[in-house]
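Here is how the chains run, residue by residue.
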Amino acid sequence: MKKSVCRFCGTPLEATFLDLGMSPLANSNLTEFQLNAVEMFFPLHAYVCHACLLVQLEECSSPDKIFSDYDYFSSFSDSWLQHAQQYAEQVIKRFDLNENSQVIEIASNDGYLLKNFCGQGIPVLGIEPARNVAEVARDKGIATIVEFFGEKLACDLTGKGTQADLLIGNNVLAHVPALNDFVRGLKVLLKPQGVITMEFPHLMRLMADNQFDTIYHEHFSYFSFCTVQKIFANHGLNVFDVEELSTHGGSLRIYCCHEQDSTKSIQPRVLELQQREEKEGFGQLEHYLSFSGRVAYAKRQLLLFLISAKEAGKTIAAYGAPAKGNTLLNYCGIGTDFIDYTVDRSPHKQGKFLPGTHIPVHEPDAIKRTKPDYLLILPWNLKDEVMKQMAFIRDWDGAFVVPIPEVMVYS
Ligand SMILES: [Zn+2]
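Here is what the cut-offs are and how they apply
- Residues numbered from 1 in each chain as written.
- Predicted model: local features only at pLDDT ≥ 70, side-chain atom pairs only at ≥ 80, totals over all residues.
- Heavy atoms only, no water.
- Donors = N, O, S within 2.8 Å, 3.2 Å for Na, K, Ca; no water.
- Tetrahedral: all angles 85-135°; square planar, octahedral: opposite > 155°, others 65-115°.
- Buried < 20%, exposed > 50% of the residue type's maximum accessible area, 1.4 Å probe, protein only.
- Helix = DSSP H or I, 4+ residues; strand = E, 2+ residues; numbered from the N terminus.
- Arc of directions from axis to C-beta.
- Contact = heavy atoms within 4.5 Å.
- Pairing = 2+ DSSP bridges.
- Phe/Tyr/Trp six-rings, centres within 6.5 Å; stacked < 30°, edge-to-face > 60°.
- Lys NZ or Arg CZ within 6 Å of the ring centre and 35° of its normal.
- Salt bridge = Lys/Arg side-chain N within 4 Å of Asp/Glu carboxyl O.
- Axes fitted to C-alpha atoms, helices over the stretch in contact; angles between N-to-C directions.
- Parallel < 35°, antiparallel > 145°, perpendicular 65-115°, else oblique.
- Nonpolar A, V, L, I, M, F, W, Y, C, P; charged D, E, K, R; others polar.

**A short note on the coordination of the zinc ion**
Within the protein, Cys6 (SG), Cys9 (SG), Cys49 (SG) and Cys52 (SG) serve as the donor atoms for the zinc ion, at 2.3 Å. Viewed at the metal, the four donor atoms of the zinc ion are separated by angles of 103 to 119 degrees, and the geometry they form is tetrahedral. All donor residues of the zinc ion come from one chain, and their arrangement in sequence is C-x2-C-x39-C-x2-C.

**Observations regarding helix H4 (residues 131-139)**
Of all the residues in H4, the buried ones are Val133, Ala134 and Ala137. Across the axial projection of H4, the buried residues extend over an arc of 100 degrees, all falling on one side. Those residues of H4 that are buried lie in contact with strand S6 (144-145). Positive backbone phi, at 90 degrees, marks glycine 141, one or two positions downstream of H4.

**Brief notes about the sheet that holds strand S4 (residues 103-106)**
Pairing is mixed across the open sheet formed by seven strands, whose spatial order is S6-S5-S4-S7-S8-S11-S10. Strands with a single pairing partner mark the edges of an open sheet, and in this sheet they are S6 and strand S10 (237-245). Pairing geometry for S4 and strand S5 (residues 124-127), over four bridges, is parallel. Bridging from a neighbouring strand, isoleucine 106 pairs with isoleucine 127 of S5.

**Brief notes about the packing of aromatic side chains**
Going through the model one piece at a time under the given rule, you end up with eleven aromatic pairs. A centroid spacing of 5.7 Å and a plane angle of 90 degrees characterise the contact between phenylalanine 282 and tyrosine 288, whose relative ring orientation is edge-to-face. For the pair phenylalanine 282 and tyrosine 288, one class covers both residues: buried. Ring pairs connect the aromatic residues Phe95, Phe240 and Tyr255, which therefore count as one cluster. The ring of phenylalanine 392 carries the charged tip of lysine 368 above its face, separated from the ring centre by 4.7 Å.

**Observations concerning the pattern of salt bridges**
Within this structure, the stated rule accounts for 13 salt bridges. For glutamate 199, the salt bridge is made with arginine 253, and the minimal N-O distance between the two is 2.9 Å. Remark: arginine 253 occurs in strand S11 (residues 251-258) and glutamate 199 occurs in strand S8 (residues 190-201); sequence separation between them is 54 residues. Judged by relative accessible area, which is 3%, arginine 253 ranks as buried. Among the charged side chains, a network of salt bridges with common partners joins Arg94, Asp241 and Arg269.

**Describing the packing of helix H11 (residues 291-311) against helix H12 (residues 323-332)**
Across the interface, H11 lies against H12 with an axial gap of 10 Å and an inter-helix angle of 80 degrees. If you check the angle between H11 and H12, you find them roughly perpendicular. Contact residues: Val295, Ala296, Lys299, Leu302 and Leu303 in H11; Leu328, Tyr331 and Cys332 in H12. Taken together, the residues of the contact of H11 with H12 sort by class into seven nonpolar, no polar and one charged.

Spatial relationships are all this shows, so hold off on functional conclusions.
Dropping the structure here:
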C-alpha cells in the first residue's frame, strides 16, 4: 500500500497521533429515507509528521463530497455571533478599515461575519464553497463567490484587480486539503501592506484538554503555533501577532503580513507563545505520541458512566449535533442504546439522524416533553450557554453531563 505523505513537507507519514477507527463523515446527517441505505465509513486516523511535526489526517474523501451541501449554518450560536462582532470592531479600528478598504473572507458561510463590515460601509467579498450556504449570504446582500479557495482563484481575483486589505479565514485553515496551494493563494490575494487573520483550533489546547472529538474528516490539519509559523514563513508570510481565544475549546488567531512589509512589528506575544510551546514539548515527537493513552481512558470513563446510568433505569438525551459529537459517539460506540435523541436549534438538522449512530435530532422543546434524567452536552465548548438555556431540566432533577476532557456530571 502506498504511504500518504505530509500535506506540508511531503515526508511519508509513519507516526500515529491518534487512531479513532472507522467513522462516517461528521457533518452528513441522514434523512429517514437514508437510514435504510448503505452508509460510508472512512478511517479516522491522525498522524504526526516526524519531519515537520504537523498533525494531520490522511486524505480519504474528496472535499467536494464533504462541502458541497452541508448542514452547518454559523448563525445559530449566540456566542459565535458575538465573537464575530467583537472581532470586526477590533480589526476595523486597529487597521483603519474604511469605505476604500477591501475585506475578503474565505469560507464566509452565511455572511454572519462580513455583515459586521458591510454595516460600516466597508466593501466585502465572501468565498464559500457550499452553494446552499452561499445563497443565504447572497440573500442578505453579501457578495459571495461559490468556489474553493486556492492559488488559482486568488490569481483570477488579483487579475481582475481585487486584492485584500484584510483577508480573513476563520476555521478554514484546518479544513484545507491542499495546504500549500491555499497559503500560496493567501500570499497572492493580499495587498502589499494587507493583513491576514486566521483562526483555528490550537493543538496545544486540544492535547491539554483532551479534545480528541475535534478530530474529524473535515478537519485535515491540527496546528501548533510553531508549525503554522513554519508553514506561512515557507510561503513568504510573517506571523506578526497572535491571540489565544477561548472559542472552539481554545483557538489561535494569527495576524500575518508579507515578509517584505516593514510596517508591521513582531509583537511580544509571538515569542512568548513560541517559548511556551517549546517548553511543553511541541518540538519533540514523543510529546505527540503520548496522547493516545489518555483518549482511550476518557472513552472507558464515559462508557462506565453511561452503562451505570442505564443500569439504574435513567433516561439520557443529548444536546446539539455538532461534528465533534459524531466523532465522540462513533469512537465510543454510543447509539440509541444509550441516547434516546439529541436536540438542535438549527431547523436544518431537526428531523434528521446523526451519521453512524442514527440518533434522531429533534427540536429543543423535546427536552421539556420527555424530561430526561441526563442531558449530555455534545458541544462542550458551549456548555455554559447550554446549561443556562436548558436550566429548566433541574425542575425534574435532571443533570447535565459534559464528556470532555473527561466525563463530568453537573446536577
Ligand atoms: Zn511534514
